[in-house]
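Chain residues, written in single-letter form:
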Amino acid sequence: MTLPAALLSHYRRHPLQLVALAVMIVLATMLWTGVHHLTSQARASLHQSESAVAERQRIVRADGQPVTIADFVKLRRQGLCVMPWLEVSRPGEGRVVGIDPLAAACFDSQTTGGESWGRRLDGQPFVDISRAAEWAEDQPHELTLLAAPTAGSHLLPPAYKRAPFQVGPDTGELGESFLLNLDALGILVLLITALLVRSVYLLGLAQRRDSFALLHRYGVLRSRINQWLVIEIVILAMICIFPGVWLGRWLASILGNGFGQALESLFDTPLYAEESGGWATPVLTMMAVVLVACLSDGLRPVLRRLSRPFRSSHRHRWPLLLVLLPGLAMVAWAPTLFWLFAAVALVFVAFGVLAPGLISRLADWRASQAVDPLARWRHRELSVLARRLALPLVALQFAMALVLAVQALVTTFEDTFDQWLAQRLEAPYYIQVPAGANASLATDWLTRAAGEEGLGPWHRVIRGRATVTNSPENTGQAVDVFALAPIGPLVEDWQLLDSVPAPWQRLHENTGLMINEQLARRQGIQVNDTLDVSLGGETMSLPVLAVYPDYGRPAGEILVPAALLPETFDIRFQSLSISPGQLTIEAITGELKQLWGLGQLTVRNNRTIQALASNVFDQTFLLTRAMTMLTLLLSGTALLLMGWVFFSTRAWYFRLLLVWGLSRREATLQLMRLSLSLIGAITILALPLGIWLTWVLVHRINPMAFGWSLPMAVYPAFWLQLGAVSLLIGLSITVLMRYQLKNSVSTPVSANALAGGER
């Protein structure tokens with residue numbers, strides 16, 4: 001028999017171990033590749049347009065009015081290098097950007113070094129401005145005039161000035177933060193999978209120890225055996241990783257539509273890129289994870305030397321406290337997401353090392369206090385299992401904590417978002433005011449109908465842009481404007497995060513404004529602060545009356561009464577929110593059509609809009625939920641596989657229960673109590689870790705990454721569901737143990753000849 005055949009004979013005797021290793025590598029590769037592919041594609045979309053306008057400026061009118069094509073023509077005729085940037089939102093296709101190729105050539109002539117400006121604008125999402133202008137006739141759009149570098153350009157006419165240019169609102173890199181969260185989740189999945197792969201692989205090595213010793217007696221060098229073991233795991237990894245990468249890209253294609261909708265909704269960033277990345281990154285990453293997980297024993301001598309100064313205190317776990325306490329402190333005060341994730345990693349490492357030792361110590365203490373011999377045996381055996389199954393137990397603990405935290409976060413967000421959306425869509429119907437229509441005619445009729453015909457509460461919504469300044473040294477922040485008239489019952493029941501007394505009454509009296517949470521957090525604005533607001537070229541100083549939640553949007557927003565808007569304010573969008581009351585929606589729309597002289601109006605049922613919005617946010621967390629639940633399933637399955645292999649090495653020891661006089665039923669009952677104690681202990685230890693991780697997600701990561709906060713909730717009912725899963729795993733382990741009792745096994749030569757030989 002050749003050496004490779006001798007080494008592989010172990011998997012012929014234990015095919016389940018080979019299947020377990022292969023399945024875990026494939027699933028881990030699929031999950032991480034799917035997340036990596038989506039996030040890489042999204043980053044390509046973020047950077048594609050941002051890189052094209054990096055360090056650029058735009059031309060704006062000094063009177064505050066929006067620029068037009070006529071302004072572009074005027075400036076170009078005066079010799080200025082200006083390029084139009086026309087963004088058009090196309091339903092079902094996302095956003096496109098219209099540019100002028102001739103102006104792009106002008107930019108190239110004034111750019112020194114670097115990549116060609118025109119080349120950066122080649123391909124999607126950039127199109128010729130003539131095509132974009134055709135689409136802009138009946139679609140939402142925004143025109144910006146980009147200015148070339150100041151060197152070599154003419155001075156601007158007095159009616160114009162320069163201003164910084166950014167693609168989309170200033171979101172504080174929220175899109176990157178969202179993608180970073182997904183990356184962190186993918187890394188945590190890799191960590192859990194690495195623990196599981198390592199646990200199965202090391203147990204297989206322990207079972208093969210006698211085979212290795214026999215080969216060594218026949219003259220095979222240990223170094224040669226180790227070389228073939230490396231070749232073995234590399235070949236296995238290559239066989240499993242490539243199908244995993246293919247499945248991951250397939251998973252990304254399935255989730256891509258919903259992910260793109262979520263990205264567009266959350267961060268106003270469509271998924272532009274068609275392709276991103278290849279196979280090299282996921283293949284090399286997963287290969288590194290598998291090799292480190294399976295072959296890291298070679299680092300033990302180095303780690304042993306590094307840990308020598310701490311050996312005297314290791315028994316008391318002081319080094320772990322030196323890791324845990326700084327990690328907890330960093331989580332509370334970390335200034336950036338990077339340091340926050342690093343702190344969470346430190347805490348997880350400390351928890352992972354402490355948990356099996358804590359279970360073992362408690363079991364030993366219970367054994368020393370027990371009077372019943374069977375109870376003493378059960379506790380001692382629990383201590384052994386906690387030490388021998390430490391890696392899969394820690395992986396299961398991490399998976400449970402992750403599922404608890406993500407479930408709490410997602411459920412809290414869904415509940416909070418549904419309540420907030422119900423407030424925003426309090427009126428049953430939404431009617432869009434057509435471009436060019438006189439909204440005053442409609443509001444006059446609605447006011448009369450509310451008093452004479454029984455029309456329910458209604459208000460007019462006006463959308464636009466403004467600039468706010470909260471300090472003299474601040475250059476100003478561009479924000480969205482949300483103007484209402486009248487201020488009535490449809491908004492007065494909104495839940496506010498902070499406010500002055502009677503905020504809605506003061507807003508109705510035109511004595512202040514409200515801001516959303518994102519703007520308050522980003523600019524450090526508080527209630528009663530005074531803001532200088534520029535609306536349509538006019539600047540006014542207004543106090544902040546309240547801060548309101550605005551979930552799902554990164555942009556800053558101010559809420560003002562429509563009476564404060566000057567006539568020069570650029571109205572970008574108008575709508576009417578209407579409760580029909582004693583009228584029908586058909587009668588209302590018929591009157592509005594007659595007033596505006598139109599044959600068709602855009603009327604939407606707000607309940608339908610609410611359902612569509614909820615579906616978009618469900619898609620946002622679909623990948624998160626799928627990853628966490630699949631990780632838990634993978635961890636539970638791996639523990640069962642480990643239990644199957646491990647208990648087979650201790651079957652001779654379990655059969656001693658029958659030798660001692662217990663019936664098979666009584667022995668099974670003892671084994672069931674043992675397995676349930678083991679799973680129950682790790683589940684109980686997963687609860688505080690899950691609650692702590694929930695707090696981190698809600699109060700630290702979510703505000704830092706997305707700009708809004710959520711209420712803290714833990715949902716104990718879900719704990720019961722997780723407890724039921726743990727009970728199922730424990731009972732399954734009992735079945736495996738009972739099966740081992742049926743088979744006759746030989747006693748090992750020595751108590752420690754096998755991995756399960758500890759007594």
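Every chain's residues receive numbers from 1 upward, in the order its sequence appears when written. Per-residue local features of the predicted model are confined to residues with pLDDT of at least 70, and side-chain atom pairs are confined, for both listing and counting, to 80 or more; whole-chain, interface and lining totals are unaffected and use all residues. Side-chain descriptors were evaluated using all non-hydrogen atoms of the structure, hydrogens and water having been removed beforehand.

Digging into the pairing of strand 7 (residues 429–432)
Our working rule: Paired strands are those between which DSSP finds at least two bridges. The way it works is that DSSP assigns letters per residue, a run of H or I at least four long becomes a helix, a run of E at least two long becomes a strand, and they are numbered from the N terminus.
Relative to strand 15 (residues 573–578), strand 7 runs antiparallel, the two sharing 4 bridges. Considered in strand 15, the bridge of Tyr429 is made with Ile578. When strand 7 meets strand 16 (residues 603–605), the two strands line up antiparallel, connected through 3 bridges. Paired with Ile431 across the bridge in strand 16 is Val603.

Thoughts on helix 21 (residues 585–596)
To be explicit about the condition: Helices are assigned an expected span. That span is 1.5 Å times one less than the residue count. Only protein chains enter the accessibility calculation, which uses a 1.4 Å probe; a residue is then buried when its area is under 20% of its type maximum, exposed when over 50%, and partly exposed in between. As used here, the arc is the angular range of directions from the helix axis to the C-beta atoms. The contact rule is simple, with two residues in contact once any of their heavy atoms fall within 4.5 Å.
The end-to-end C-alpha separation of helix 21 is 16 Å, in line with the 16 Å expected for 12 residues at 1.5 Å each. Of all the residues in helix 21, the buried ones are Ile585, Ile588, Thr589, Leu592 and Trp596. Mapping the buried residues of helix 21 onto a view down its axis gives an arc of 90°, with all of them on the same face. Projecting away from the buried face of helix 21 at angles above 90 degrees are the exposed residues Glu586 and Gln594. On the buried face of helix 21, the contacting elements are strand 7, helix 17 (439–452), strand 15 and strand 16.

Here we look at unusual backbone geometry
The amide bond that connects Ala485 to the next residue, Pro486, takes the cis arrangement and shows omega of -5°. Here Pro486 lies in the loop between strand 9 (477–485) and helix 18 (489–492). Phi angles above zero are rare outside glycine, and Asn510 is one such case at about 60°. Along the chain, the position of Asn510 falls in the loop between helix 19 (503–508) and strand 11 (513–516). A residue is classified by how much of its surface remains accessible, and Asn510, at 31% relative accessible area, is partly exposed.

A few points about the packing of aromatic side chains
The test is simple: Planes of paired rings set the category: under 30 degrees apart is stacked, over 60 is edge-to-face and the rest tilted, where pairs are Phe, Tyr or Trp rings (Trp by its six-membered ring) whose centres lie within 6.5 Å.
In this structure the tally under the stated criterion is 5 aromatic pairs. The interplanar angle of 85° and the centroid separation of 5.8 Å between the aromatic rings of Trp494 and Trp504 together place this pair among those described as edge-to-face. On the criterion of sequence distance, the pair formed by Trp494 in the loop between helix 18 and strand 10 (498–499) and Trp504 in helix 19 is long-range, its members being 10 residues apart. Under the relative-accessibility criterion, Trp494 is labelled buried at 10%. Centroid distance Trp494 to Tyr548: 6.1 Å. Interplanar angle 55°. Geometry classified as tilted. Here the residue Trp494 occupies a position in the loop between helix 18 and strand 10, and Tyr548 occupies one in strand 13 (residues 538–548), the gap between them amounting to 54 residues. Comparing Trp494 with Tyr548, the two get one shared label, buried.

Some thoughts on the side chain of Thr694
With respect to the helices and strands, Thr694 occurs in helix 26 (residues 664–706). Setting aside residues up to four positions removed in sequence, Thr694 forms contacts with Leu404, Ala405, Ala408, Met712 and Ala713.

Section: helix 6 (residues 129–136)
For helix 6, the set of buried residues is Ile129, Ala132, Trp135 and Ala136. Burial along helix 6 is one-sided: seen end-on, the buried residues are contained in an arc of 120°.

Details of the packing of helix 14 (residues 337–369) against helix 16 (residues 390–424)
Our working definition: Axis angles are defined between N-to-C directions and span 0 to 180 degrees, where every axis is a line fitted to C-alpha atoms and, for a helix, only to the segment in contact. By the definition adopted for this analysis, an angle is roughly parallel if under 35 degrees, roughly antiparallel if over 145, roughly perpendicular if from 65 to 115, and oblique otherwise. By definition, any crossing whose near helix is turned counterclockwise from its far helix by less than a right angle is left-handed, and any crossing with a clockwise turn is right-handed. Polar here means any residue other than Ala, Val, Leu, Ile, Met, Phe, Trp, Tyr, Cys and Pro, which are nonpolar, and Asp, Glu, Lys and Arg, which are charged; Gly is therefore polar.
It is at 9 Å that the axes of helix 14 and helix 16 come closest, and there the two elements cross at 130°. Judged on the interaxial angle alone, helix 16 and helix 14 are oblique. Here the hand of the crossing between helix 14 and helix 16 comes out right-handed. In contact with Phe348, Phe351, Gly352, Ala355 and Pro356 of helix 14, helix 16 contributes Ala390, Val394, Gln397 and Phe398. The class makeup of the residues in the contact of helix 14 with helix 16 is 7 nonpolar, 2 polar and no charged.

Comments concerning the pattern of salt bridges
Keep this limit in mind: A pair is scored as a salt bridge if a Lys or Arg side-chain nitrogen falls within 4 Å of a carboxyl oxygen belonging to Asp or Glu.
One pass over the full model with this rule turns up 5 salt bridges. The shortest N-O distance in the salt bridge between Arg463 and Glu557 comes to 2.6 Å. Of the two residues, Arg463 sits in strand 8 (residues 458–469) while Glu557 sits in strand 14 (residues 557–561), which places them 94 residues apart along the sequence. Of the residues examined, Glu557 reaches a relative accessible area of 1% and is grouped as buried. Of the charged contacts, one joins Asp570 and Arg572 as a salt bridge, the two residues approaching to 3.7 Å between their closest N and O atoms. With a relative accessible area of 26%, Asp570 lands in the partly exposed category.

Points about the nonpolar core
Convention followed: Take the buried residues of types Ala, Val, Leu, Ile, Met, Phe, Trp, Tyr and Cys, join any two whose side-chain atoms come within 4.5 Å, and each joined set is a nonpolar core.
Counting residues in each nonpolar core, the largest one holds 39 residues, and the members touching the most others are Val481, Ile515, Ile558 and Leu559. Counting residues per element, the ones that place at least two in this core are strand 8, strand 9, helix 19, strand 11, helix 20 (517–523), strand 12 (530–535), strand 13 and strand 14. No other element matches strand 13, which puts 7 residues into this core. Look past the residues within four positions of Leu559 in its chain and what remains in contact with it is Phe482, Leu484, Trp494, Trp504, Leu507, Leu513, Met514 and Tyr548. Judged by nonpolar contacts, the second largest core, of 37 residues, contains Val26, Leu190, Phe212 and Ile241.

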